[in-house]
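# Chains, contacts and geometry: an overview
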Amino acid sequence: MKKILSMMAAALMMTACNGNKSHEPASDIDTSSIVTDIMMSRRSIRAYKDSVIPRETLNDILKCGINAPNGKNLQSYEIRVIDSPALIDSITAAVIKDYPEVAERKGFKNIFVNAPCVLCIAFDKNYDMAQIDCGLLGENIILSAWAKGIGSCCLGSSARWINDSPSAKPYLDRLAFSDGYELLYCIALGYPDETPEAKPRKEAIIRFVE
Ligand SMILES: Cc1cc2nc3c(=O)[nH]c(=O)nc-3n(C[C@H](O)[C@H](O)[C@H](O)COP(=O)(O)O)c2cc1C
């Protein structure tokens, strides 16, 4: 993705996330093609540079996340941000104590596809639409991050390992989700160190009905 496009898109997304009440583009920039480019160029990233994502940037991304549509505006999720390498390593060590096979993957560094930052997202088990809310939250986060040149990967496996590993229980407790909330998935974040090809999509799953 061209850097200039990324900067323009980031500026546009920031305007939107900062509560711009107008739906008019800020200028004569072709907003539609920028948003399309962001969506179509995003890929799941599983190799990251060590560079730290500034917390201010993370906060901007997370604000875009919680601006996503959500059922009855209940915002039926909780988010925990882990950007401490020591904590990521400790959680990893706990999980691989119970599931050593997880560390057998080539180039393994941590259970979050080696990312330097991870978001843990929990859903409210008492609201039947909460998992939809979490998905929409995550997509806003992922696209906002990508607009800033930050790669991501949705991770179901990491959440399963943390939930199921007895050794990781102290770390799950440390995330301190409210009663009735359960860790659903994680999102790895970091500056990409790979440029994967797009995986094919099944266009036949889309059908217009007359
Ligand atoms: C709910 C969900 C769970 C996922 N879990 C994992 C995972 O555990 N490990 C992983 O490497 N990728 C995971 N992914 C990423 C998918 O493999 C990826 O989105 C898919 O292969 C399409 O590739 P793309 O994102 O590059 O378009 C997950 C994605 C979603 C939406």
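The coordinates are above.
Predicted, not measured: the structure shown is a model, and the values here were computed from it.

### Section: the nonpolar core
- Ile82, Ile111, Phe112 and Ile162 are the most contacted members of the largest nonpolar core, which has 28 residues in total.
- When residues of this core are traced back to their parent elements, those giving at least two are α4 (85-98), β2 (117-124), β3 (151-155), α6 (156-164), α7 (169-175) and β4 (181-190).
- In terms of residue count, the dominant contributor to this core is α4 (5 residues).
- With residues near it in sequence (within four places) discarded, Ile162 still touches Ile91, Val95, Ile111, Phe112, Ala168, Leu172 and Leu183.
- In this structure, Ile53, Leu62, Tyr77 and Ile121 belong to the second largest nonpolar core, which totals 20 residues.

### Points about the site of the ligand
- Neighbouring the ligand are the residues Arg42, Arg43, Ser44, Arg46, Cys153, Cys154, Leu155, Gly156, Ser157, Lys199 and Arg201.
- In this structure, Lys199 approaches the ligand through a side-chain N or O atom, which is 2.8 Å from an oxygen atom.
- Taking 620 Å² as the accessible area of the ligand by itself, protein coverage stands at 61%.
- Counting only elements with at least two residues in the shell around the ligand, the list comes to β3 and α6.
- Considering every element that reaches the shell around the ligand, the biggest residue donor is β3, with 3 residues.

### Quick word on the sheet that holds β3
- Read from one edge of the open sheet, 4 strands run β1-β2-β4-β3, paired in antiparallel fashion. The open sheet has two edge strands with one neighbour each: β1 (77-82) and β3. On average, adjacent strands in this sheet sit at an angle of 25 degrees to one another, irrespective of strand direction.
- Inspection of the sheet shows β2 paired to β4 by 8 bridges, in the antiparallel sense. Each bridged residue has a counterpart across the sheet, and for Leu119 the counterpart in β4 is Ile187.

What counts and what doesn't
Residues numbered from 1 in each chain as written. Predicted model: local features only at pLDDT ≥ 70, side-chain atom pairs only at ≥ 80, totals over all residues. Heavy atoms only, no water. Core = buried A, V, L, I, M, F, W, Y, C linked by side-chain atoms within 4.5 Å. Buried < 20%, exposed > 50% of the residue type's maximum accessible area, 1.4 Å probe, protein only. Helix = DSSP H or I, 4+ residues; strand = E, 2+ residues; numbered from the N terminus. Contact = heavy atoms within 4.5 Å. Near = heavy atom within 4 Å. Polar contact = N/O pair within 3.5 Å; in protein donor to acceptor, adjacent residues only side chain to side chain. Areas by Shrake-Rupley, 256 points an atom, 1.4 Å probe, with all protein chains shown as cover. Pairing = 2+ DSSP bridges. Axes fitted to C-alpha atoms, helices over the stretch in contact; angles between N-to-C directions.

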